[in-house]
Amino acid sequence: ANGKSTTATWTNLHRPIYERATRHPFILAIREGTVDIPAFKRWLGQDYIFVRDFVPFLASVLLKACKQSDDPSDMEVILGGLASLSDELSWFKSEASKWDVHLYTTAPQKANLEYCRFLQSLASPEVSYIVAVTAFWAIETVYQESFALCLESGSETPAELIDTCRRWGNAGFGQYCQSIQGIADRCLEKAPSDEVKKAEEAFLSVLSYEINFWNMSCGES
Ligand code: HMH
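Values in this document were obtained by computation on a predicted structure and should not be read as measured data.

## Some thoughts on helix α6 (residues 110–122)
Note that an α-helix has 3.6 residues per turn; residues three or four places apart therefore point the same way.
Turning to step 1, where the next piece is worked out: The terminal C-alpha atoms of α6, which comprises 13 residues, lie 19 Å apart, in line with the 18 Å expected from a rise of 1.5 Å per residue.
Turning to step 2, where the next piece is worked out: Three or more residues of α6 are buried, namely A111, N112, Y115, C116, F118, L119 and L122. What you see down the axis of α6 is that its buried residues fit within an arc of 155 degrees, all on one side. Seen from the open side of α6, the exposed residues pointing more than 90 degrees away from its buried face are K110, R117 and Q120.
Turning to step 3, where the next piece is worked out: On its buried face, α6 sits against α4 (37–68), α7 (129–149) and α10 (193–218).

See the structure below:
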């Protein structure tokens, strides 16, 4: 061992793709105050659909934790995350009405459907807790890092987008991501090498789905 956690090692090893996911042109445009508002509205409508599908995924992670985790505090972290999605869905509804985005008539685009299908595949009982919790960590961390960037001093994020950036960029959400990372690293340390390999592949898949999701919001597809 090199003294570094597995997730930290992967983030370094796969730095270029990690940065494409966490410093995407869409996020950089928010940070620079040059974001295209129709693109932001497209992201909002699509992300609501994504978060709705994220609920059963996270429920499946919770179920795996209850059955496979050796640490009872894992369940509490995951349950807290699941519970907060209720408030998040309400937030999407009020934000959408502010921007005049019609959530119920928004159709999921291809990149979103593909990402949601990936989440569904991870929810299968055949997928281990280690793989699922690693994907969960990556999904939340991409948003945390991305939106935290828009709140850093020197950023020129438009006032009407600050609330969105705070939702995922705030310090509490950062702590939550670190808790999930701690869970993933603890599990990965004890996992057989084929499971570690699968978890690394899931991490890379999440990064690539996140990049496609941002591209979709930018209007590339
Ligand atoms: C696409 N990835 C996407 N949407 C989100 N809301 C998150 C991650 C964070 O939960």
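## As for the environment of E195
Turning to step 1, where the next piece is worked out: In this fold, E195 is placed in helix α10.
Turning to step 2, where the next piece is worked out: Side-chain polar atoms of E195 contact the side chain of S128, separated by 2.6 Å.

## Overview of the site of the ligand
Turning to step 1, where the next piece is worked out: Taken together, D47, F50, V51, Y115, I139, E140, Y143, W168, E210 and F213 make up the full set of residues adjacent to the ligand.
Turning to step 2, where the next piece is worked out: Within the side chain of E140, a nitrogen or oxygen atom sits 2.6 Å from an oxygen atom of the ligand.
Turning to step 3, where the next piece is worked out: At 2.7 Å, a side-chain N or O of E210 approaches a nitrogen atom of the ligand.
Turning to step 4, where the next piece is worked out: Protein contacts shield 99% of the accessible area of the ligand, which totals 290 Å² for the unbound molecule.
Turning to step 5, where the next piece is worked out: Breaking the shell around the ligand down by element, the ones donating at least two residues are α4, α7 and α10.

## A word on the packing of aromatic side chains
Turning to step 1, where the next piece is worked out: All chains considered together, the criterion is met by 30 aromatic pairs.
Turning to step 2, where the next piece is worked out: Centroid distance F54 to F136: 6.3 Å. Interplanar angle 45 degrees. Geometry classified as tilted. Separated by 82 residues along the polypeptide, F54 in helix α4 and F136 in helix α7 bring together distant segments of the chain. F136 matches F54 in its accessibility class, with the two residues each being buried.
Turning to step 3, where the next piece is worked out: Relative to F213, the ring of Y115 lies with its centre 6.4 Å away and its plane at 70 degrees, an arrangement referred to as edge-to-face. Of this pair, Y115 sits in helix α6 while F213 sits in helix α10, and the two are 98 residues apart along the sequence.
Turning to step 4, where the next piece is worked out: According to the relative accessible area criterion, F213 is buried, its value standing at 2%.
Turning to step 5, where the next piece is worked out: Aromatic ring contacts, followed pair by pair, group F26, F40, W43, Y48, W91, F92, W99, Y104, Y143, F147, W168 and W214 into a single cluster.

## What to know about the side chain of T22
Turning to step 1, where the next piece is worked out: With respect to the element layout, T22 can be found in helix α2 (residues 15–22).
Turning to step 2, where the next piece is worked out: In terms of polar contacts, T22 uses its side chain to reach the backbone carbonyl oxygen of Y18, at 2.8 Å.
Turning to step 3, where the next piece is worked out: Excluding residues within four positions of it along the chain, T22 makes contact with I27, V142, E145, S146 and L149.

Reading the values: rules and limits
- Throughout, a residue's number is its position along its own chain's written sequence, starting from 1.
- pLDDT decides what is reported in this predicted model: residues at 70 or higher carry local features, side-chain atom pairs at 80 or more are listed and counted, and totals for whole chains, interfaces and linings draw on all residues regardless.
- Values reported for side chains reflect all heavy atoms of the structure, with hydrogen atoms and water molecules removed beforehand.
- Only DSSP runs of H or I reaching four residues or more are called helices, and only runs of E reaching two or more are called strands; each is numbered from the N terminus.
- In a helix, the anticipated span is given by 1.5 Å times the number of residues less one.
- Buried residues are those whose accessible area, probed at 1.4 Å on protein chains only, stays under 20% of the maximum for their type, while exposed residues exceed 50% and partly exposed ones sit between those limits.
- Think of the arc as the fan of directions from the helix axis to the C-beta atoms.
- What makes two residues a contact is simply this: any of their non-hydrogen atoms within 4.5 Å.
- Definition of a polar contact: a pair of N or O atoms within 3.5 Å, with one able to donate and the other able to accept a hydrogen when the atoms are protein atoms, and with sequence-neighbouring residues admitted only if both atoms are side-chain atoms.
- Proximity is defined per residue: any heavy atom of the residue falling within 4 Å of a molecule or strand makes that residue near it.
- Note on areas: Shrake-Rupley with a 1.4 Å probe; residue coverage comes only from the protein chains shown.
- Two rings from Phe, Tyr or Trp (for Trp, the six-membered ring) form a pair when their centres are within 6.5 Å of each other. A pair whose planes differ by under 30 degrees is stacked, one over 60 is edge-to-face, and the rest are tilted.

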